[in-house]
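# A look at the structure
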Amino acid sequence: QAAGAQTDRFGDSLSRLSSSFEQGTMPDAGAMQEVLAHTHDMRGAVSQLKDRLDTNQREIERLRAEVERARAEALIDALTGLPNRRAFDQQVAKAMATPTSGACLLVTDIDHFKKVNDTYGHLFGDNVLRVVARALGDCVIKPYVAARVGGEEFAVLMPGAALAGAQQVAE
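These remarks concern the structure in this document. (Residues numbered from 1 in each chain as written. Predicted model: local features only at pLDDT ≥ 70, side-chain atom pairs only at ≥ 80, totals over all residues. Heavy atoms only, no water.)

### Describing the nonpolar core
Judged by nonpolar contacts, the single largest core of 17 residues is most densely connected at Ala146, Phe154, Val156 and Met158. Among the secondary structure elements, those contributing two or more residues to this core are β1 (103–109), α4 (113–120), α5 (122–139), β3 (153–159) and α6 (163–170). If we ignore the near neighbours within four places in the chain, the residues touching Phe154 are Leu82, Leu106, Val107, Thr108, Ile110, Leu129, Val132, Ala133, Leu136, Ala147, Arg148 and Val149. Core analysis: the second largest hydrophobic core is formed by six residues, Phe88, Ala147, Val149 and Leu157 among them. (Core = buried A, V, L, I, M, F, W, Y, C linked by side-chain atoms within 4.5 Å. Buried < 20%, exposed > 50% of the residue type's maximum accessible area, 1.4 Å probe, protein only. Helix = DSSP H or I, 4+ residues; strand = E, 2+ residues; numbered from the N terminus. Contact = heavy atoms within 4.5 Å.)

Here's what the structure looks like:
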């Protein structure tokens, strides 16, 4: 608002100065001083506006980075670090929409995992999930995608893979 008011006052001063020139008279010293004062004020208002714009731009960039981080985190399983079910579903949809020479899908789980949790506790079970996820991730190279798709269920999408290659990954 302040910048708008400054602009109005500056415009009025310039109009009066311009009117004097149009009438063929020299503007008086007061009119010139008024234009100079308003010019000075305008510079200050523009500088303040620029500072606010710079601050807002930095905030926008910070928020944009935060949104990107949140999007990325929303696709990662917090416990294992593997892509989660949502990310896996997106990759499946992408693979289905892309004409390739086919794809293989490996789905696996940890047998008797409930018994592990019941016997050794959930912290131990979480460690088991992390170890299995790390081992699975180590076996998978791009463009293949390993993901945790359920409690103790994991899946690997292998776009363009031949069945023999997929069997090697499975083993």
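Read on, since the account is not over.
### Brief notes about the environment of Lys115
Looking at the secondary structure, you find Lys115 in helix α4. Here Lys115 falls in the exposed class, since its relative accessible area comes to 59%. Once the C-alpha coordinates of Lys115 and Gly125 are considered, the two residues, 10 residues apart in sequence, prove to be 9.4 Å apart.

### Things to note about the packing of aromatic side chains
Tallied over the full model, the rule gives one aromatic pair. Centre to centre, the rings of Tyr120 and Phe124 are 5.0 Å apart; their planes meet at 45 degrees, and the pair counts as tilted. (Phe/Tyr/Trp six-rings, centres within 6.5 Å; stacked < 30°, edge-to-face > 60°.)

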